[in-house]
Amino acid sequence: MTQTLSDTKIAIIGLGYVGLPLAAEFGKQYDVVGFDINQVRIDELLSGHDTTLELTDAELAEAKGLNFTTELESIRQCNVYIVTVPTPVDGANRPDFTPLKKASQAIGGVLENGDTVIYESTVFPGCTEEICVPELEKSSGLVFNRDFYCGYSPERINPGDKVNRLPTIVKITSGSTPQVADYVDSLYASIVTAGTHRAPSMKVAEAAKVIENTQRDINIGLMNELSVLFDRIGIDTNAVIDAAATKWNFLRFNPGLVGGHCIGVDPYYLTYKAEQVGYLPQMILAGRRLNDNMGRYVARNTIRKMLQLGMDVPRCRIGLLGVTFKENCPDIRNSKVIDVVRELEAWGANVAAADTWANPEEVQKEYGFELQNISAEEPVDALIVAVGHHEYRDLTAEELCAMVNNEMPLIVDVKGLYSQTELEDKGCTVFRL
Ligand SMILES: NC(=O)c1ccc[n+]([C@@H]2O[C@H](COP(=O)([O-])OP(=O)(O)OC[C@H]3O[C@@H](n4cnc5c(N)ncnc54)[C@H](O)[C@@H]3O)[C@@H](O)[C@H]2O)c1
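Caption draft 1: Spotlight on the layout of surface pockets. Each pocket or cavity is described by its volume, and for the second largest pocket that value is around 300 Å³. Lining the second largest pocket are 18 residues; nearest its centre among them are A24, E25, K28, L55 and E59. Top contributing element to the lining of the second largest pocket by residue count: helix α1 (residues 19-27), with four residues. For the lining of the second largest pocket, the class distribution of residues is seven nonpolar, three polar and eight charged.

Right under this line is the structure:
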């Protein structure tokens, strides 16, 4: 390998939540071309706006050295290809490698002697060599670790988080030979001020990323299980966690809906590999099962409380604040709030969902309902606050009560955002995880 930082020309393949910030950061120091197969995405970036809101219009305007394209030929002159395409699961929760394979095939079409392909997408340990490298070799006619090289450096950004950003999160790096590992490490070290951690192999780097999200999934799953249990015992889970967290070695996690395309998906990449090597994972799948059922659990408890309050559910309008998969982020993909909506509808309820961050057209297209207004002027019969967008987090007990057209307002506080006592002092019935 002869590549050096000074002659590095980078192509970022897939310009979503991960790829665009990465392209912008590398673009401050290197020639960078951003490539995506989605023409709409490229057009919006060329017009100076990022609908994922990871970059502001000003940040995008500042990224002057950055080009965006759907044309494969425009990345031919690059010598480093960084892949940030989605790694979803199919309907049966099996990994869908299509985007990874297609991106690898496309890169193979322009790959040249001495080039390096770095994967950032979240995968299972071994995926780069088992799934991606064969595609690269097939479409390029080149030989791995002789003509071209690979690296794996998982992305650890947290969309919507304006504090922990790409340059301030330690980057795990790895390469297919010791020399490539050195090069990949120095490449990321040049943009990540927090520093890098050089993993001993690509498999280790792949495993490290997927267990970060798996660990989080299982811990949230445990809190969700405790929440179901404590509801039966008649104690508040948040109060229990507050008390337990006073011990130095208690790890604080909160119950909640686990959606999106990372924490709720990545563990399936690990369980896929586990089953391939003859091990049936138990804890990992238990976490998945628990978390996947929480939307229905929230909906059923809302109905239970409404019936206890004497409400005629099918005649009620149930308000839902937040449909995105997480707070302060417009991403609605794989949002578990939709499970709440579907379950409420199955009970005959009329659901009015609002969201200050989600794009109404995307919600209509993806889930088939229109976003509505919920306010003191347009109140509902019961209110579920499902997502902690800062606009909802900042609502006072008075403001929440005013949105509910009922003498004994039912507030379902999924994220534990509000003081239960304050709401109860205002005459509310409160349910929270
Ligand atoms: N979003 C996160 O929080 C996050 C954090 C860390 C890691 N990751 C991982 O990073 C990867 C990307 O996630 P994301 O959230 O940025 O996805 P995303 O869906 O926001 O963006 C992916 C982009 O890739 C494009 N694309 C799809 N197939 C392509 C192809 N063959 N060639 C070129 N472009 C293609 C899509 O059009 C899209 O613009 C996933 O593996 C994910 O698990 C995501």
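Caption draft 2: Layout of the site of the ligand. Around the ligand there are 26 residues in total, and V18, D36, T87, H261 and R333 lie nearest to it. At 2.5 Å from an oxygen atom of the ligand is found a side-chain nitrogen or oxygen belonging to T87. Take R333: an N or O atom from its side chain is 2.5 Å from an oxygen atom of the ligand. Considered on its own, the ligand offers 830 Å² of accessible surface; in the complex 91% of this is hidden by protein.

Caption draft 3: Just the nonpolar core, in detail. Membership of the largest hydrophobic core comes to 36 residues, with the highest contact counts inside it found for L320, V323, L344, F369 and I384. With six residues, the top contributor of residues to this core is helix α11 (residues 294-308). Ignoring sequence-local partners within four residues, the contact set of L320 consists of V337, V340, V341, L344, V351, A352, A353, A354, I374, L383, I384 and A386. Counting 35 residues, the second largest nonpolar core, distinct from the first, contains I13, C78, L100 and I107.

Caption draft 4: Structural context of α11. Helix length check: α11, at 15 residues, gives a terminal C-alpha distance of 21 Å against a target of 21 Å (1.5 Å per residue), a fit within 8%. For α11, the complete set of buried residues consists of M294, G295, Y297, V298, A299, N301, T302, I303, K305 and M306. Directly beyond the C-terminal end of α11, a positive phi value near 80° is found at G310.

Caption draft 5: Examining helix α7 (residues 202-233) more closely. Between its first and last C-alpha atoms α7 spans 47 Å; for 32 residues at 1.5 Å apiece the expected length is 46 Å, and the two agree. Immediately downstream of α7, the backbone of G234 shows phi near 90°, a positive value.

Caption draft 6: Structural view of empty space enclosed by the protein. Per the stated rule, a full pass over the model turns up one cavity of 30 Å³ or more. Here the largest cavity is characterised by a volume of approximately 30 Å³. Looking at the lining of the largest cavity residue by residue, the class counts come to four nonpolar, three polar and two charged. Three or more residues apiece are contributed to the lining of the largest cavity by two domains, here domain 1 (5-203) and domain 2 (227-432).

Caption draft 7: Representation of the sheet that holds strand β10 (residues 350-354) in the model. Sheet architecture is open: five strands sit in the order β10-β9-β11-β12-β13, paired in parallel fashion. With one partner strand each, in any of the chains shown, β10 and β13 (429-432) form the two edges of the open sheet. When the angles between neighbouring strand axes are averaged without regard to direction, this sheet yields 20°. Bridge analysis of strand β11 (residues 382-385) against strand β12 (residues 410-413) gives four bridges, and the strand direction is parallel. Residue pairing in the sheet places I384 in a bridge with V412 of β12. Across the face of the sheet, helix α12 (residues 337-346) comes into contact with β9 (317-321), β10 and β11 while running at roughly 175° to β9.

Caption draft 8: Quick look at the packing of α7 against helix α9 (residues 266-276). Packing of α7 against α9 leaves a shortest axis separation of 8 Å and a crossing angle of 110°. Judged by the inter-axis angle, α7 sits roughly perpendicular to α9. Judged by the sense of rotation from one axis to the other, the crossing of α7 with α9 is left-handed. Residues V210, I211, N213, T214 and D217 of α7 pack against D266, P267 and L270 of α9. Within the contact of α7 with α9, the residues separate by chemical class into four nonpolar, two polar and two charged.

Criteria and thresholds
Residues numbered from 1 in each chain as written. Predicted model: local features only at pLDDT ≥ 70, side-chain atom pairs only at ≥ 80, totals over all residues. Heavy atoms only, no water. 1 Å grid on protein atoms, 1.4 Å probe; cavity = no way out; pocket = protein on both sides within 12 Å on 5 of 7 lines; lining within 4 Å. Points joined across faces, edges and corners; volume = space filled by probe spheres on them. Helix = DSSP H or I, 4+ residues; strand = E, 2+ residues; numbered from the N terminus. Nonpolar A, V, L, I, M, F, W, Y, C, P; charged D, E, K, R; others polar. Near = heavy atom within 4 Å. Polar contact = N/O pair within 3.5 Å; in protein donor to acceptor, adjacent residues only side chain to side chain. Areas by Shrake-Rupley, 256 points an atom, 1.4 Å probe, with all protein chains shown as cover. Core = buried A, V, L, I, M, F, W, Y, C linked by side-chain atoms within 4.5 Å. Buried < 20%, exposed > 50% of the residue type's maximum accessible area, 1.4 Å probe, protein only. Contact = heavy atoms within 4.5 Å. Expected span 1.5 Å × (residues − 1). Domains from an automatic or database assignment. Pairing = 2+ DSSP bridges. Axes fitted to C-alpha atoms, helices over the stretch in contact; angles between N-to-C directions. Parallel < 35°, antiparallel > 145°, perpendicular 65-115°, else oblique. Left-handed = near helix turned anticlockwise from the far one by under 90°.

Any functional reading would require information beyond the geometric quantities listed.
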